[in-house]
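Understanding the architecture of this molecule
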Amino acid sequence: MSSKSPSRGALLVTSATSVLIFLLIWETACRSGLVDPIFLPPPSAVLGKAIAMGNEGTLLANILASARRVMIGFLAATAVAIPLGILLGTSVFGRAAFNPILSFLRPLPSMSWIPLSLLWFGITETQKYSIVFMGTFAPALVYVIEATRNIDPLLIRAAQNLGASRWNVMKEVILPGSLPQILSGLKVILGLAWTCVISAELVAAREGLGFLIMNGKEFFQTEVVVLGMVLISVTVLITDLCFRAIENRVLRWQK
Amino acid sequence: MDITRRQFIGGAAATIATMATGMPLGAAAANPTIKYGGSAWLGHYPAYLAMTNGYLKEMQLEQEWQSFGTSSSRMSAVMAGGIDIACTGVVSALALMARGAKQFSIIAIPENFGRVEGLFVKGGVKNIAELKGKKIGVTFASSAHLLVLDLIAKAGLKADDITVLNVPAPELPAAFQAGQIDAAAAWTPQFDLIRKQPGVTLLADDTQFSLYKSFNVTPGPDVLIVRRAFAESNAAAVKSYLTAYFKATALLRDHPAEAAKPLMKLTNLGEADQVGAVKGADWYSREQQAGLLKGQYVEGLQKLAELLVAHKQIDKAPSVKDWIDPSFI
């Protein structure tokens, strides 16, 4: 058996071919009448709808509306979760005080916040940001706490023995040590934020990918539903790539 | 008793085959159990009363009641073959017809509820034009949404002149009361809740809808539909079903107080509100059906489909008469 690993190009061609074959089978199944287009539209119909909506300008408007809600909700959640998580990760008493609250918040799906958020914020954009925030805050906090706790205590003790202040231990040991795990956790949370925005857009939304899917469902426009699903996947993929680029830049020292 | 592996497999296979054909174990039923897609909405009152008052039993029919939150979910279940007969808002049916779905037919029109759906305002607003620059809350993809779009268009306003917000029906009364929206379009029971709020005026109801005067068609009338495959193999059962169904509509029309009592279990409304809800609709008789299904009303539904296209709710207008089947009346 050859130990030579396949080239990057060969792997890319394999991936692209598998996608093409998948789309071809899907299209053929729909066109041959094997699958009723009301139940599953062919990819060509989804593409046609995307082009039509692109020409109208509604496609980009929906993507941007969702992306804005995701980014604001996600950034607000991380802005609170990172410092709080580091604090709780380094404080036994802090964890003892906060863990019961976190255990209560963590299992709550973002949809369960809809009734209360409507009462608190009304039919506003803030209500949608809050859904994303509540859906991502607790998991982000857990990632940050765990990342901070995973720092080797020997490193902290060594720094302290060398005379480092509490701030220096935080800056030179805890932050750099936990950052890789925090960033990989936030990458997962960003994907989660996209599922939250769908919940947020089920109620009182006029645009956005979640709204697109729900409105398409009401009028049995399955190509719109599938288009919304595809766009969410593609957008998550793009944001994931962007996040990876940031990760590579921030964690250059780790390579 | 010891059962060998072969006996067990044989028995299990026979049970699965029996269940797959939908036949009850032991003996074949004369009539199939009809799976009905309902909810607490008034359009389902006849089917519920026919079941609870024993009218279906008199016709040797059984009904399995399944609840759905929206017409589109109910119609999805019809498409998947899970529901045989259902009352649905016609907009969902028209949306499916526009996609060429031939899986169902419209077999009756239960009622007209035009007086329990409308647009409320407060603060002395006298006409829709005065709502320019303000916010109207309405549940998107509903009949009330179409009413709002129609009223805006009739007032000569553009879509951007008024902000139309998508608010779920149960949230409308609170949003309106809290001042988050300047106007609210709703149907019963939210219609009744909003009407009770202080300083509220009913600006328009379904009778101001552009198709109402000429065709008696509201923005989203209810229709009774049957799954075609079911109707083809159980035509006699569907006819018997309608006999029981219209006995219930007669009770609703002629004796609303008597009809209201069993319905309170379905809707959780108090007696006075329940009687009010029953009286809020005009219940059509079996004799009126031929006129509705063959006459101007269907033309009105066709115009409604065209209006939905004009308001960009559906892509194309189906030929509605192709889905009308008066043969069971």
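None of these values were measured; they are calculated from a predicted model. (Residues numbered from 1 in each chain as written. Chains lettered and ligands numbered in written order. Predicted model: local features only at pLDDT ≥ 70, side-chain atom pairs only at ≥ 80, totals over all residues.)

**What to know about the overall build of chain B**
Counting its regular elements, chain B contains 15 helices and 12 strands. A compact globule built from 329 residues should have a C-alpha radius of gyration of about 20 Å, and chain B, at 22 Å, falls within 12% of that. In terms of its C-alpha atoms, chain B occupies a principal-axis envelope of roughly 80 × 45 × 45 Å. Across the 329 residues that make up chain B, the buried fraction comes to 50%. Across chain B, the fraction of contacts at a sequence separation of at least 24, relative to all contacts at a separation of at least 6, is 77%. (Helix = DSSP H or I, 4+ residues; strand = E, 2+ residues; numbered from the N terminus. Rg over C-alpha atoms; globule rule 2.2 N^0.38 Å. Buried ≥ 20, exposed ≤ 12 C-beta atoms within 10 Å, placed from the backbone. Contact = placed C-beta atoms within 7 Å.)

**Some points on the interface of chain B and chain A**
Size of an interface: often given as the accessible area lost when the parts come together. Between chain B and chain A, the residue contacts involve 20 residues of the former and 13 residues of the latter. Listed by contribution, the elements that provide at least two residues to the side of chain B that touches chain A are α4 (71-79), α5 (90-98) and β8 (163-166) of chain B. Classifying every residue of the side of chain B that touches chain A gives 13 nonpolar, five polar and two charged. (Nonpolar A, V, L, I, M, F, W, Y, C, P; charged D, E, K, R; others polar.)

**What about the nonpolar core?**
Core analysis: the largest hydrophobic core is formed by 160 residues, its most contacted members being V132 and A193 of chain A together with L94, L119, I136, V148 and I225 of chain B. Residue contributions to this core peak at 13 residues, all from helix α6 (residues 125-149) of chain A. Here this core gathers at least three residues from each of two domains, domain 1 (29-113 + 221-328) and domain 2 (114-215) of chain B. Not counting the four nearest positions on each side in its chain, A193 of chain A is found in contact with V70, G73, F74, V132 and T136 of chain A. (Core = buried A, V, L, I, M, F, W, Y, C linked by C-beta atoms within 7 Å. Domains from an automatic or database assignment.)

**What to know about unusual backbone geometry**
With an omega of 10 degrees, the peptide bond running from T188 of chain B to P189 of chain B counts as cis. When you line up the elements, P189 of chain B lands in the loop between β9 (183-187) and α8 (190-195). Its identity as a non-glycine residue notwithstanding, F220 of chain A has a phi of 55 degrees, on the positive side. For F220 of chain A, the position within the fold is in the loop between α9 (209-218) and α10 (222-250). One non-glycine residue, N268 of chain B, lies in positive phi territory at about 65 degrees. Mapping N268 of chain B onto the fold places it in the loop between α12 (256-267) and α13 (271-279).

**Things to note about the domain arrangement of chain B**
Residues and elements named next belong to chain B. Per the domain assignment, the segments making up chain B are domain 1 (29-113 + 221-328) and domain 2 (114-215). Averaged C-alpha coordinates put domain 1 and domain 2 at centres separated by 26 Å. Elements with a minimum of two residues in the side of domain 1 that touches domain 2: α13 and α15 (296-310).

**Details of helix α11 (residues 235-254) of chain B**
An α-helix turns once per 3.6 residues; consequently, residues spaced three or four apart project the same way. With 20 residues, α11 of chain B should cover 28 Å at 1.5 Å per step; its first-to-last C-alpha distance of 29 Å lies within 8% of that length. Of all the residues in α11 of chain B, the buried ones are A237, V238, Y241, L242, A244, Y245, F246, A248, T249, L251 and L252 of chain B. (Expected span 1.5 Å × (residues − 1).)

**Regarding the packing of helix α3 (residues 58-90) of chain A against helix α8 (residues 166-200) of chain A**
Residue and element names in this part refer to chain A. At a minimum axis separation of 9 Å, α3 and α8 run at an interaxial angle of 145 degrees. In terms of crossing hand, the pair formed by α3 and α8 is right-handed. Of α8, the residues touching α3 (which contributes S66, R69, V70, G73, F74, T78, I82, I86 and T90) are I174, I182, L186, I189, L190, A193, W194, C196, V197 and A200. (Axes fitted to C-alpha atoms, helices over the stretch in contact; angles between N-to-C directions. Left-handed = near helix turned anticlockwise from the far one by under 90°.)

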